[in-house]
Amino acid sequence: MTVLSWLIIFVYSLKCGGDFLNGIVALVGICFAHLATNLFDDYVDYKKVNESSQKCKCLYIKEGKVSLSDVLRVVLIYLSLAGLAGIFLLIRCGYPVLLLSLVGCFIVLLYAKLSQVGLSEFAVGLAFGPLLFEGVYFVMTESFSFEVLVLSFAVVMFTVGLLYVHTILDFEGDMFSHKKTLVCRIGDKNKAINGVFVIYGLGYLFTVVFSVMTKNFLVLFTFVLVPFVFDIAKSLKSFVCGDDTKEFYSRLLKPRNLMVYYSLLITLFLLF
């Protein structure tokens, strides 16, 4: 998710005469920040894992392959490496990098808490959307762009869709542990599944807006992927939290694949 989101704005920025090195360093920083977020989320979630949760949830910790202190140490290492990338870009590009990094750090450290109160989709939407796209575009071109903002809204909906599907798959376990994800706040799994169409619908809406703004109508060919959205919704209706791990991943990989296909098509069309 991180690399493909970065690739889209990296290609777009290069087409605008952006700095290649700054774009690569930004990828390094973003990747380590993402890794730190995922591990710290596991660190917090492990204490709330129960029998209703997915069998694969925090499995590497449950099996004793690493301790909680090991996880925390690696989180700090990842954050330090992300910080070094940020310092490099701060020196080359100026103070806006510091502001962007502070927002990113806020999301990394508070994501686990935000996900417990139904704001994980908002956090991911901000981090993988405007923050990532405008951040990479700025360090490569030293400017911001409204077109980039619209592009970020289009692409990030496909990343948010992956997270949203994940929380639907975790619905029963999250309800048992009183975790207030957006799906848990909806309270009805069938109603929550309909939200899939809303999220991907917004993604395609912003795709159309971006196409009109840039007069790049090739990006509209991404609509060939719409049947995947219906397949995702259909597969969710037959899943029960706690089922075999294979059943869990067979459904989770569907939105992952959709995001991959969409990102690769958008990247290809931006090149032209």
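Above this text sits the structure in question.
Just so we're clear, the structure is a prediction, and the values are computed from it rather than from any experiment. (Residues numbered from 1 in each chain as written. Predicted model: local features only at pLDDT ≥ 70, side-chain atom pairs only at ≥ 80, totals over all residues. Heavy atoms only, no water.)

**Student:** Talk me through the overall build of the protein; I want residue IDs and the actual numbers.
**Tutor:** Within the protein, the regular secondary structure consists of 12 helices and 0 strands. Each helix and strand of the protein, ordered N terminal to C terminal, gives the series α-α-α-α-α-α-α-α-α-α-α-α. Split into buried and exposed, the 272 residues of the protein put 49% on the buried side. (Helix = DSSP H or I, 4+ residues; strand = E, 2+ residues; numbered from the N terminus. Buried < 20%, exposed > 50% of the residue type's maximum accessible area, 1.4 Å probe, protein only.)

**Student:** If you had to explain the packing of helix 1 (residues 2-15) against helix 6 (residues 120-141) to someone new, which residues and values would you point to?
**Tutor:** Contact geometry of helix 1 with helix 6 gives a least axis separation of 9 Å together with a crossing angle of 40 degrees. Between helix 1 and helix 6, the interaxial angle falls into the category oblique. Here helix 1 and helix 6 pass one another in a crossing that is right-handed. Residues T2, S5, W6, I8, I9, F10, Y12, S13 and L14 of helix 1 pack against F128, L132, F133, V136, Y137, M140 and T141 of helix 6. By residue class, the composition of the contact of helix 1 with helix 6 is 12 nonpolar, 4 polar and no charged. (Axes fitted to C-alpha atoms, helices over the stretch in contact; angles between N-to-C directions. Parallel < 35°, antiparallel > 145°, perpendicular 65-115°, else oblique. Left-handed = near helix turned anticlockwise from the far one by under 90°. Contact = heavy atoms within 4.5 Å. Nonpolar A, V, L, I, M, F, W, Y, C, P; charged D, E, K, R; others polar.)

**Student:** So what about helix 4 (residues 68-93)? Which residues, and what values?
**Tutor:** End to end, helix 4 covers 37 Å across 26 residues, agreeing with the expected 38 Å (1.5 Å per residue, within 8%). Within helix 4, the full set of buried residues consists of V71, V75, A82, A85, G86, L89 and C93. (Expected span 1.5 Å × (residues − 1).)

**Student:** Can you break down the side chain of S145 residue by residue, with the values?
**Tutor:** Mapping S145 onto the fold places it in the loop between helix 6 and helix 7 (146-169). S145 gets classed as buried once you look at its relative accessible area, which sits at 14%. A polar contact of 3.2 Å, which involves the side chain of S145, links it to the backbone nitrogen of V148. Those residues within four positions of S145 in sequence are excluded, and the remaining contacts are E134 and Y137. (Polar contact = N/O pair within 3.5 Å; in protein donor to acceptor, adjacent residues only side chain to side chain.)

**Student:** Before we move on, can you summarise unusual backbone geometry with the specific residues and values?
**Tutor:** At E142, a residue that is not glycine, the phi angle is positive and equals roughly 60 degrees. Look at E142 and you get exposed, because its relative accessible area is 52%. Look at K215: it is not a glycine, yet its phi comes out positive at around 55 degrees. Inspection of the secondary structure puts K215 in the loop between helix 10 (189-214) and helix 11 (226-236). By relative accessible area, K215 is classed as exposed at 66%.

**Student:** Describe the environment of T181, with residues and values.
**Tutor:** Tracing the sequence through the fold places T181 in the loop between helix 8 (171-176) and helix 9 (182-186). For T181, a relative accessible area of 2% translates into the label buried. The spacing of T181 and F171 is 10 residues in sequence and 8.6 Å in space, taken between C-alpha atoms.

**Student:** Help me get a handle on the packing of aromatic side chains, residues and values and all.
**Tutor:** Overall, the coordinates contain 16 aromatic pairs when judged by the stated rule. Ring centres of F248 and Y249 lie 5.1 Å apart, and the angle between their planes is 75 degrees; this geometry places the pair in the edge-to-face category. Each residue in the set F158, Y200, Y204, F223 and Y262 is aromatic and connected to the rest through ring pairs, giving one cluster. (Phe/Tyr/Trp six-rings, centres within 6.5 Å; stacked < 30°, edge-to-face > 60°.)

**Student:** An account of helix 5 (residues 96-116) is requested, with residue identities and associated values reported.
**Tutor:** Taking 1.5 Å of rise per residue, 21 residues should cover 30 Å, and helix 5 covers 30 Å from first to last C-alpha, within 8% of that figure. At L110, helix 5 shows its largest kink, close to 65 degrees. All of the buried residues in helix 5 are P96, V97, G104, I107, V108, Y111, A112, L114, S115 and Q116. Remark: G118 follows helix 5 within two positions and exhibits a positive phi of approximately 80 degrees. (Bend = angle between axes of the 7 residues up to and from the residue.)

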